[in-house]
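# Architecture and fold: a report
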Amino acid sequence: MNKEKEEKIKIGFFRKIGNSITKIETYPDMAAEGLGRAFAYISKIVAILAVVLCLGTIYQTYQMLQEGIHYLQNDFPEFSYKEGILNVSSNERITISEDDSYVGRTIIDTNTEEEQTINQYLNEIEKAGSGIIILKHKVILKNSAVSGTINYHYNELLGQMGMTEFTKQTVLDYVNSSQVISLYVSVFLTIFIYSFIMYLLTTLSNAVLLSIFGYLTTWLARIKMRYIAVFNMSMYALTLSIFLNIAYIAINIFMEFRMEYFQVMYVSVAAIYLVASIFLLKTEFIKRQIELMKIAEAQEIVKKEMEEQERKEKQEKEQKERQKNDKEEKEDKEDKEGKKDNGVGGEEPQGSNA
């Protein structure tokens, strides 16, 4: 028994993934390992999700950077930055449509400082929904998810990064050098930490909601289970949903793919796994009850047979003892009659016939 318990406790991470997807009957055993192991398991799964997201973002960043380098090198005019002032060698404003830009409509004009012209640019960005305006002293960002705009002055933004001056050629040299690897590492770490925390909190909240639903299911199924056990099972039940989310993210890295009710499917798949494991547990419980009843019936039958056997043996023993006693009495009687016939034990004669 101890060896079997040790084998259950030593279930590896990848084996748990397989069990969570293909062997829902193992949920109670894995849940019995405790909250700590269940949390460690779900954290590793979320870490895989965060890594895939980071790699996808790095890939997209690389693609963007390569496109940007090509555009900057071949189509964009010369520019320079020094002491908080950006200067682009163009007499007219440069406009990049939202279809050709990852940040929305992009307007570049380092010649104007007129508020009327800048407001006109802002109206264009508002109509597009999102975009960026690059001016002489600052950059203005507009995001569709945020009301209003955000202003960044170059001397504050680039000063924090330690950049005091650069030209078009120095920018090209930097992005084509090995130093750009540090940029990718920085992006990877930043996105990993952020996405890991956000996805972990989201997954735990889903597990809480799922466990409440599962606990109600145990109540309806009349199975006595502790809530913490149902919560642990809920985290294992989310395995397939998380891997479907990973696949969804991976597909969107290379092609545009949107599933309208993906979140509904995400929760539904986990709920199906949890409910199935609960009812399977109910079925196993019923089977064990039936087996116990059969065992009890068999024990009762064996007990009756043993009692009957003992009774028969007792009767046979008593019969043998009676037969033995009867035989001994008969032998004693025969001995007495034989002695009497031979004159043994009779009265002695009083005279002599000689």
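Residues numbered from 1 in each chain as written. Predicted model: local features only at pLDDT ≥ 70, side-chain atom pairs only at ≥ 80, totals over all residues. Heavy atoms only, no water.

### Points about the overall build of the chain
Counted only if it meets this: Only DSSP runs of H or I reaching four residues or more are called helices, and only runs of E reaching two or more are called strands; each is numbered from the N terminus. Relative accessible area decides the class of each residue, using a 1.4 Å probe on protein chains only: under 20% of the type maximum gives buried, over 50% gives exposed, and in between gives partly exposed. The contact definition used throughout considers only heavy atoms, calling two residues in contact when any of these lie within 4.5 Å. Using a 1.4 Å probe, accessible areas were evaluated by the Shrake-Rupley method; residue-level cover was limited to the displayed protein chains.
Check the secondary structure of the chain and you find eleven helices and eight strands. With 354 residues in all, the chain has 30% of them scored as buried. Here the analysis covers contacts within the chain between residues at least 6 apart in sequence; of these, 62% occur between residues at least 24 apart. When the accessible area of the chain is evaluated, it comes to approximately 24,500 Å², of which 56% is carbon and sulfur surface.

### With respect to empty space enclosed by the protein
Which entries qualify depends on this criterion: Cavity: a set of points on a 1 Å grid over the protein atoms alone where a 1.4 Å probe fits but cannot get out. Pocket: an open set with protein on both sides within 12 Å along at least five of seven lines, its lining residues, like those of a cavity, having an atom within 4 Å of a point. Grid points are joined across faces, edges and corners, and a volume is the space filled by probe spheres set on the points. Nonpolar residues are Ala, Val, Leu, Ile, Met, Phe, Trp, Tyr, Cys and Pro. Charged residues are Asp, Glu, Lys and Arg, and all others, Gly as well, are polar.
With the rule as written, the count across this model stands at one cavity of 30 Å³ or more. Put simply, the largest cavity is a space of about 30 Å³. The wall of the largest cavity is formed by Val88, Ser90, Glu92, Ile94, Ile108, Asp109, Thr110 and Asn111. Of the residues that constitute the lining of the largest cavity, the class distribution is three nonpolar, three polar and two charged.

### Observations regarding the layout of surface pockets
Estimates place the volume of the largest pocket at around 2,100 Å³. Leu65, Leu72, Ile132, Ile134 and Val171 are, among the 38 residues lining the largest pocket, the residues nearest its centre. Here the element with the most residues in the lining of the largest pocket is helix H4 (residues 35-74); it accounts for eight residues. Among the residues making up the lining of the largest pocket, the classes are represented as 30 nonpolar, five polar and three charged. By volume, the second largest pocket is sized at about 520 Å³.

### Quick notes on the packing of H4 against helix H8 (residues 180-220)
Heads up, the condition is: For helices, the axis comes from a line fit to the C-alpha atoms of the stretch in contact; other axes are also lines fit to C-alpha atoms, and the angle between any two N-to-C directions lies between 0 and 180 degrees. Between 65 and 115 degrees an angle is taken as roughly perpendicular, under 35 as roughly parallel, over 145 as roughly antiparallel, and anywhere else as oblique. Should the near helix be turned anticlockwise from the far one by less than a right angle, the crossing is termed left-handed; should it be turned clockwise, right-handed.
At a minimum axis distance of 8 Å, the contact between H4 and H8 shows a crossing angle of 140°. Considered as vectors, H4 and H8 are oriented oblique to each other. Taken as a pair, H4 and H8 cross one another with a handedness that is right-handed. Along the lines of polarity and charge, the residues of the contact of H4 with H8 split into 23 nonpolar, five polar and no charged.

### Details of the packing of aromatic side chains
The cut-off we apply is this: Pairing of aromatic side chains requires ring centres within 6.5 Å, counting the rings of Phe and Tyr and the six-membered ring of Trp. Pairs whose planes differ by under 30 degrees are stacked, by over 60 edge-to-face, and all others tilted.
Counted under the stated rule, the structure contains 14 aromatic pairs. Considering the side-chain rings of Phe13 and Tyr41, the 5.7 Å spacing of their centres and the 55° angle between planes classify their relative orientation as tilted. In this pair, Phe13 sits in helix H2 (residues 13-22) while Tyr41 sits in helix H4, placing the two residues 28 residues apart along the sequence. Between Phe79 and Phe166, the ring centres sit 6.3 Å apart and the planes meet at 75°, which makes this aromatic pair edge-to-face. Of the two residues, Phe79 is situated in strand E1 (residues 79-82) and Phe166 in strand E8 (residues 165-167); the sequence distance between them amounts to 87 residues. Phe166 gets classed as buried once you look at its relative accessible area, which sits at 16%. One aromatic cluster is present, formed by Tyr71, Phe76, Phe79, Tyr81, Tyr154 and Phe166 through successive ring pairs.

### Thoughts on a nonpolar patch on the surface
Which entries qualify depends on this criterion: Patches here are clusters of residues that have more than 30% relative accessible area and form no salt bridge, with a 9 Å joining cutoff for like charges and a 5 Å cutoff for nonpolar side chains (Val, Leu, Ile, Met, Phe, Trp, Tyr). By definition, a salt bridge exists where a carboxyl oxygen of Asp or Glu is found within 4 Å of a side-chain nitrogen of Lys or Arg.
On the surface, Tyr59, Ile251, Phe254, Met255, Phe257 and Met259 cluster together into a nonpolar patch covering about 570 Å² of accessible area. Tracing the chain through its elements places Ile251 in helix H10 (residues 239-254).

### Some points on the sheet that holds strand E5 (residues 131-134)
Using the following cut-off: Note on pairing: DSSP must find at least two bridges between two strands before they are called paired.
As summarised here, the arrangement of the five strands in space is E3-E4-E5-E6-E7, forming an open sheet in which the pairing is mixed. The outermost strands of the open sheet, each flanked by one partner alone, are strand E3 (94-96) and strand E7 (150-153). Strand after strand, the sheet turns through a mean of 10° between neighbouring axes, direction not considered. Where strand E6 (residues 138-142) meets E7, four bridges bridge the pair, whose relative direction is antiparallel. Looking at the pairing, Lys138 lines up with His153 of E7. Where helix H5 (residues 115-128) meets the sheet, its contacts fall on strand E4 (105-108), E5 and E6, and the angle it forms with E4 comes to roughly 165°.

### Quick look at helix H7 (residues 168-175)
As a reminder, the rule being used: When we speak of the arc, we mean the arc of directions from the helix axis to the C-beta atoms.
Those residues of H7 lying buried are Lys168, Leu172 and Val175. Buried residues along H7 cover an arc of 70° about the axis, so they all sit on one side. Residues of H7 that are buried sit in contact with H4, E1, E8 and H8.

### Points about the side chain of Glu33
With respect to the secondary-structure elements, Glu33 resides in the loop between helix H3 (27-31) and H4. For Glu33, a relative accessible area of 15% gives the class buried.

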